[in-house]
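Okay, here's what each chain looks like letter by letter:
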Amino acid sequence: MQSAGVSYVAEARDEAGELLGYDIDPPLTQSAYDVVAEEVQRAQLLGYAAAARYRKETGGISVAGQPIATDRESQALISGAFALVQQQPQTVIRFKTPGGFVTLDAAQMSAIAIAVAQHVQACFALEADVAADITSGEIITPAEIDAAFAA
């Protein structure tokens, strides 16, 4: 907000938490206000995009018809099992999925781990693309972000 010459910005909210406006010092010219408003909107859209990525990232996937959880804890457990079968390929993994317990050999565990890692990376890549589109002004609404993550 330095470009607008703003040294102080505070949100004013009513008792229900609804945004009433901003207390800005020094008072802004219309063009400076427009710059600040665009920066606030961009920051809100970037936050919305990060939340959309997180929901998609942790929403789960299917591997060979088997549902696989991709929440952060599951990602860690899958990574650990993958590391184990890389070091000890003869290890049989007993793993609990949303569909129940399964027994996995090294190849099956590796396939799941790779699919989860690819899914997570694709979610972050998509967020990076959406963030670039927000920054460039190509994406200007939450609905456009939702559409990008729904694809």
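Residues numbered from 1 in each chain as written. Predicted model: local features only at pLDDT ≥ 70, side-chain atom pairs only at ≥ 80, totals over all residues. Heavy atoms only, no water.

A.B. asks: With reference to specific residues and values, describe the overall build of the chain.
C.D. replies: Looking only at helices and strands, the chain has four helices and six strands in total. In the chain, the succession of helices and strands from N to C terminus is β-β-α-β-β-α-β-β-α-α. Of the contacts formed within the chain by residues at least 6 apart in sequence, a portion of 48% connects residues at least 24 apart. Working note: accessible area of the chain is about 9,200 Å², and carbon and sulfur atoms make up 56% of it. (Helix = DSSP H or I, 4+ residues; strand = E, 2+ residues; numbered from the N terminus. Contact = heavy atoms within 4.5 Å. Areas by Shrake-Rupley, 256 points an atom, 1.4 Å probe, with all protein chains shown as cover.)

A.B. asks: So what's going on with the nonpolar core? Which residues, and what values?
C.D. replies: Ranked by size, the top nonpolar core spans 16 residues in total, and within it Ile78, Met109 and Ile112 carry the most contacts. Going through the elements one at a time, strand E3 (61-63), helix H2 (72-87), strand E5 (93-97), strand E6 (100-104) and helix H3 (106-136) are the ones with two or more residues in this core. No other element matches the six residues that H3 contributes to this core. Each residue touching Met109, except ones within four places of it in the same chain, is listed here: Ile78, Ala81, Phe82, Val85, Ile93 and Leu104. Counting residues in each nonpolar core, the second largest holds eight residues, with Leu45, Ala49, Ile134 and Ile139 among its members. (Core = buried A, V, L, I, M, F, W, Y, C linked by side-chain atoms within 4.5 Å. Buried < 20%, exposed > 50% of the residue type's maximum accessible area, 1.4 Å probe, protein only.)

A.B. asks: So what's going on with the side chain of Thr70? Which residues, and what values?
C.D. replies: Within the fold, Thr70 resides in the loop between strand E4 (66-68) and H2. Within the structure, the side chain of Thr70 is placed 2.7 Å from the backbone nitrogen of Gly60, a separation counted as a polar contact. Setting aside anything within four residues of it in sequence, one finds Thr70 in contact with Glu57, Thr58, Gly59, Gly60, Ile61, Gln75, Val116 and His119. (Polar contact = N/O pair within 3.5 Å; in protein donor to acceptor, adjacent residues only side chain to side chain.)

Spatial relationships are all this shows, so hold off on functional conclusions.
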